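Chain and residue survey
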Amino acid sequence: MQDQTPLEENKLIKTLRSLSGQLKLLFFAVLAALVALNFFIGPYSPHVAWEVYPGFWAGFGFVLAVAMAFVMKRIVAPLIGAPEDIHD
Amino acid sequence: MTDILPAFFHPTIAFFGLALALLILSRANVSWWRWLLPLAPVLAIIAVFSAVPGEYLHLRYLGLDLTLGRLDGLALLFANVFAIQALIGFIYAFHLKEIRHHVAATVYVGGAFGCVFAGDYLTLFIFWEIMSVASTLLIWFNSRENPRAVGAGIRYFVIHTIGGLLMLAGILLRYQVVGDFTFTGIIPADAQYYDWLIMLGFGVNAAFVIAHAWLPDAYPEATIPGAVFMSAFTTKTAVYVLARGFAGWEFLAWMGIAMALWGVFYATMENNARRILSYHIMSQVGYMVAGIGIGTAMTLNGTCAHAYAHILYKGLLFMSVGAVLYAAGTAKLNELGGLAGRLPLVMLAYVVAGLSISGMPVFNGFVSKTMTIAGAFNDHQVLLGMLMEVAAVGTFLSVGLKLPYFAFWGGKPTYDKSLKPIPVNMYIAMGAAAVLCIAQGLYPDLLYRFLPYPGAHDFHPWSSWKVLMTLLLLGFTGLGFLVMRGVLKPHAQRNLDFETLYIYLGRSFLALVSRPLAKIDAIWSEVYERVGLVGLLFLGRITSWFDRMGIDFVLDNSAQGARDTGGILTAAQTGRLQDYLVLAIVLASGFALLVWYLF
């Protein structure tokens, strides 16, 4: 039989968990600051034309993340899903 | 006849030597054998860092000129990271008592070094196959804990054998035309059909789309340290040979993008953490293959840098997920949850690796991935570059956020069963890899100094725009995750991929071959019995008669004489003891009578 010593919950992680609301606000603030910075810092030589518009890469990341999550989990996964032991 | 220069110590010697020593020591009852494990990687590190580029270890064998030691920038870069990852891997596997596992791992790593330094296709092929066999064992050795490893290992081996055969066919057909086995770059315009065969053979190991399914099928079933080793060597050896032989092939650029996207799409759906990581190997190797396909000095440098960084962070990803699997006994996200507080160091190691693979500034993926993508844009391959950014979003979404969120943080019930303590050597290995990931991210020169193509130092990842652009892209991917985390919640299911096609193809091939063959066999047996056997017997009788009456009679009839005597003797040998006793008594009394009569 394996040694099954329980591991204690780390205090720092516990504190971080209790602060999740504030951390989320901090995250939003950072995102806003990044977009604000984008008005001042732009590409030296744009790779694509839209890159010069502030917030382009922000929109790109957000839209793609949402679209990918939705399409893969809600549309594709039900189509190709099978029981885990299908090949056994 | 050999002509071996002593100036270069081939790391394969160290690894194969270690494998042999371990095999011998497994018979002796000693426990200190495991302290030998770091020896081979350390020797390899010394050999690689002190090596002078050149051609070493020429061997003349069966009239062929083989080169076992071609050392140039490209080979040394891969050997460099192979040696370092081998050391990390053996530290991670140090607690393992199973000697055969260490033997398989050392042979596998030794094979990888053999491939990297091979100057000709034949040497490459031999080491390639050694790797294939040894890595299959790393899957099969897990079959006691995980019965699924057996089937996955068989499929893995069959696919790699087919890949090896494609490669061998290409090599031999090429030899017929070209007349030698030298392994050098092939200009796309001069490509012949046999070059394509070789490239597709390499492509099986690089996990080209359609041929890729062995990877997410087999790696999640391998042993915990086995998967750490395999994540580093098989696909990256393939990247090395593709970079060496097929730079600038447009096919590879598009294949690479297809791999990068296929991998992240599947990873977004997956539930098994090690399968998510496996799909991300495919995806990250896709960046490298695309860089090779674009084929400029910058994208090739990007490929090399990314391969280097990838080996370190992917090893760390497999080590930290392996640690969770070791402690909890499962790597399925739907069964895990909220482990950050109980495995904080593992979580930290995972986050370092997850941010590295996502290309977050400070971590090494940032300095390598941006180089490949910028190289694509600089070559005016806007579509390729944008699709790589799409894959970057998917990477952060699935391996940077989804996996750690559902394993370590929230979103679903916490894993509350007891955890098995993780051996300290696993922590040491993870710590070393994490330090290297961060050091290379902060000081890109630590990585760029090894890059083999010109212009590596002209690229500066740490410009304000590149950092800001990456933070915007990844930050808002994070926001997208926050919005969609309910949708992304993992479910216990297997997402069918091309391995299903392999299985059905295999079964139908078997049916197609075995059923008609069985029928033909049945008919043939019938025909043979009815016609063949009778005819044969008749023929036999004629020849026997001719032999007896013709040849023997004409000569001296000795054969018939011998046969008749033999027949009498055979009849005498009944096998019954009493008969022998009677015979012995008769003979003895006859002999006695003879003696009495004569004297």
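Here the structure is a predicted model, which means the values were calculated and not measured.

For chain A, the count of helices and strands is three helices and one strand. Going from the N terminus to the C terminus, chain A shows its helices and strands as α-α-α-β. Its C-alpha radius of gyration of 22 Å places chain A more than 25% over the 12 Å reference for a compact globule of 88 residues. When the backbone C-alpha atoms are referred to their principal axes, chain A occupies close to 60 × 40 × 25 Å.

Turning our attention to the overall build of chain B. In terms of helices and strands, chain B carries 21 helices and four strands. Here chain B has a C-alpha radius of gyration of 32 Å; the compact-globule value for 599 residues is 25 Å, and the former is much larger. Counting only C-alpha atoms and orienting by the principal axes, one finds that chain B spans roughly 125 × 60 × 55 Å. With 599 residues in all, chain B has 56% of them scored as buried. Here the contacts in chain B between residues at least 6 apart in sequence split such that 81% fall between residues at least 24 apart. Just so you have it, chain B exposes about 24700 Å², and 70% of that area is on carbon and sulfur atoms. Mean positive and mean negative side-chain charge positions of chain B (35 and 31 charges, respectively) differ by 13 Å.

As a rule of thumb, non-glycine residues mostly have phi less than zero, and peptide bonds are mostly trans rather than cis. Residues and elements named next belong to chain B. Notably, valine 362 is not glycine yet its phi reads approximately 95°, a positive angle. In this fold, valine 362 is placed in the loop between helix H13 (344–358) and helix H14 (364–378). Classification of valine 362 as partly exposed rests on a relative accessible area of 30%. Of note in the backbone geometry, histidine 380 takes a positive phi value of approximately 60° without being a glycine. Within the element layout of this structure, histidine 380 appears in the loop between H14 and helix H15 (382–408).

A few words on the confidence of the model for chain B. Residue and element names in this part refer to chain B. Counting all residues, the mean pLDDT for chain B is 92, and 96% of those residues have values of 70 or more. Every residue in residues 1–5 scores below 50 in pLDDT, and together they form nine contacts with partners more than four places removed in sequence or on other chains. With a pTM of 0.86, the predicted complex shows an ipTM of 0.92.

Among the surface-exposed residues, Ile523, Trp524, Val527, Tyr528, Val531, Leu533 and Leu536 of chain B lie close enough to one another that they form a single nonpolar patch of about 700 Å² accessible area. Tracing the chain through its elements places tyrosine 528 of chain B in helix H19 (residues 498–554).

With that out of the way, let us pick up the interface of chain A and chain B. Of the residues lining the interface, 50 residues belong to chain A; the matching set on chain B comes to 62 residues. Of all residues in chain A, Lys73, Glu84 and His87 of chain A bury the most surface against chain B, accounting for 15% of the area lost on that side. In this assembly, chain A and chain B are joined by two salt bridges. In this structure, arginine 148 of chain B engages aspartate 88 of chain A in a salt bridge whose closest nitrogen and oxygen atoms are separated by 2.9 Å. Counting across the chain A and chain B interface gives 11 residue pairs in polar contact (both at pLDDT 80 or more). Sorting the residues of the side of chain A that touches chain B by element identifies helix H1 (11–18), helix H2 (20–38), helix H3 (56–80) and strand S1 (81–82) of chain A as the ones contributing at least two each. A per-class count over the side of chain A that touches chain B returns 29 nonpolar, 10 polar and 11 charged.

Let us look at the pattern of salt bridges. Residue and element names in this part refer to chain B. By the definition in use, this model includes 12 salt bridges over all chains. A salt bridge links arginine 494 to aspartate 217; the nearest nitrogen and oxygen atoms lie 3.0 Å apart. With arginine 494 in strand S4 (residues 494–495) and aspartate 217 in helix H8 (residues 214–218), this residue pair connects regions lying 277 residues apart in the sequence. Among the charged side chains, a salt-bridge network with shared partners connects Arg155, Asp217, Arg494 and Glu499.

The two faces of a sheet get side chains in turn, since along a regular strand they alternate between them. Residues and elements named next belong to chain B. For strand S3 (residues 64–71), the tally of buried residues reaches six of eight residues, placing the bulk of the element in the interior. As paired strands, strand S2 (residues 54–61) and S3 are joined by seven bridges and run antiparallel to one another. For glycine 54, the partnering residue across the bridge sits in S3 and is leucine 71. Hairpin connection between S2 and S3: a loop of two residues separates the two successive antiparallel strands, and leucine 62 in this loop has a positive phi of roughly 50°.

Let us now look at the packing of aromatic side chains. Residues and elements named next belong to chain B. As enumerated under the stated definition, the model contains 39 aromatic pairs over all chains in all. When the centroid spacing of 4.8 Å and the interplanar angle of 55° are considered together, the rings of phenylalanine 90 and phenylalanine 229 count as tilted. Remark: phenylalanine 229 occurs in helix H9 (residues 224–245) and phenylalanine 90 occurs in helix H3 (residues 73–92); sequence separation between them is 139 residues. Since its relative accessible area comes to 2%, phenylalanine 229 is described here as buried. With 4.2 Å between their ring centres and 5° between their planes, tyrosine 175 and phenylalanine 181 make a pair best called stacked.

Right, let's talk about the packing of helix H4 (residues 99–117) of chain B against helix H5 (residues 121–140) of chain B for a bit. Residue and element names in this part refer to chain B. Between H4 and H5, the shortest axis-to-axis distance is 8 Å and the interhelical angle comes to 155°. By the angle between their axes, H4 is roughly antiparallel relative to H5. The handedness of the crossing between H4 and H5 is left-handed. Seen from H4, the contacting residues are His101, Ala104, Ala105, Val107, Tyr108, Gly110, Gly111, Ala112, Gly114 and Cys115; seen from H5, they are Leu124, Phe127, Trp128, Ile130, Met131, Ala134, Ser135, Leu137 and Leu138. Taken together, the residues of the contact of H4 with H5 break down into 14 nonpolar, five polar and no charged.

Looking now at the side chain of threonine 12 of chain B. All names here are of chain B. Here threonine 12 is to be found in helix H1 (residues 11–25). Among the polar contacts listed, one links the side chain of threonine 12 to the backbone nitrogen of glycine 114, at a separation of 3.2 Å. Threonine 12 has contacts with Gly17, Gly110, Phe113, Gly114 and Phe127, leaving out every residue within four places of it along the chain.

Moving on, we come to the state of the cysteines. Residue and element names in this part refer to chain B. Under the definition given, this model contains zero disulfides over all chains. Looking at the unpaired cysteine 115, the closest cysteine sulfur is the one in cysteine 304, lying at 16 Å. Taking the relative accessible area as the measure of exposure, cysteine 115 reaches 0% and is therefore buried.

This paragraph deals with the side chain of histidine 102 of chain B. Residues and elements named next belong to chain B. Structurally, histidine 102 is set in helix H4. What makes histidine 102 buried here is its relative accessible area of 1%. If near-sequence neighbours (up to four positions away) are discounted, histidine 102 is found in contact with Leu22, Trp33, Leu37, Phe90, Ala93 and Leu96.

Rules behind the numbers
Per chain, residue numbering runs from 1 following the sequence as it is written. A letter from A marks each chain and a number from 1 marks each ligand, given out in the order of writing. Per-residue local features are limited, in this predicted model, to residues with pLDDT of at least 70; the limit for side-chain atom pairs, both in listing and counting, is 80 or more; totals at the level of whole chains, interfaces and linings are taken over all residues. As a rule here, side-chain values cover all heavy atoms of the structure and leave hydrogens and water aside. Segments assigned H or I by DSSP are reported as helices when at least four residues long, segments assigned E as strands when at least two residues long, and all are numbered from the N terminus. All radius of gyration figures rest on C-alpha atoms, and the globule criterion is 2.2 Å times the number of residues raised to 0.38. The buried label goes to any residue with under 20% of its type's maximum accessible area, the exposed label to any with over 50%, and the partly exposed label to all in between, with areas taken from a 1.4 Å probe on protein chains only. Contacts: residue pairs with any heavy atoms within 4.5 Å of one another. To be clear on the numbers: accessible area is Shrake-Rupley with a 1.4 Å probe, and residue cover counts the displayed protein chains and nothing else. Here Asp and Glu are counted as negative and Lys and Arg as positive; His is not counted, and neither are the chain ends. To locate a charge, take atom NZ for lysine, CZ for arginine, CG for aspartate or CD for glutamate. One number per residue, pLDDT, summarises how confident the predictor is, and it ranges from 0 to 100. Residues form patches when they are more than 30% accessible in relative terms and have no salt bridge. Like charges link within 9 Å. Nonpolar side chains (Val, Leu, Ile, Met, Phe, Trp, Tyr) link within 5 Å. We define a salt bridge as a contact between a side-chain nitrogen of Lys or Arg and a carboxyl oxygen of Asp or Glu at a distance within 4 Å. Two parts placed together each lose some accessible area under a 1.4 Å probe, and adding up what both lose gives the buried area. We define a polar contact as two N or O atoms separated by no more than 3.5 Å, with the added condition that, inside protein, one atom must be a possible hydrogen donor and the other a possible acceptor, whereas residues neighbouring each other in sequence contribute only through side-chain atom pairs. Note on residue categories: nonpolar means Ala, Val, Leu, Ile, Met, Phe, Trp, Tyr, Cys or Pro, charged means Asp, Glu, Lys or Arg, and polar means any other residue, Gly included. Strand pairing is assigned whenever DSSP identifies at least 2 bridges connecting the two strands. Here is the rule: rings of Phe, Tyr and Trp (six-membered ring for Trp) pair when centre to centre is within 6.5 Å. Planes less than 30 degrees apart are stacked, more than 60 are edge-to-face, and the remainder are tilted. Between the N-to-C directions of two axes lies an angle of 0 to 180 degrees, each axis being a line fitted to C-alpha atoms and, for a helix, fitted only over the stretch in contact. In what follows, roughly perpendicular refers to angles from 65 to 115 degrees, roughly parallel to angles under 35, roughly antiparallel to angles over 145, and oblique to any angle outside these ranges. Crossing handedness is read from the near helix: turned anticlockwise from the far helix by less than a right angle, it gives a left-handed crossing, and turned clockwise, a right-handed one. Disulfide: a pair of cysteine sulfur atoms within 2.5 Å of each other.

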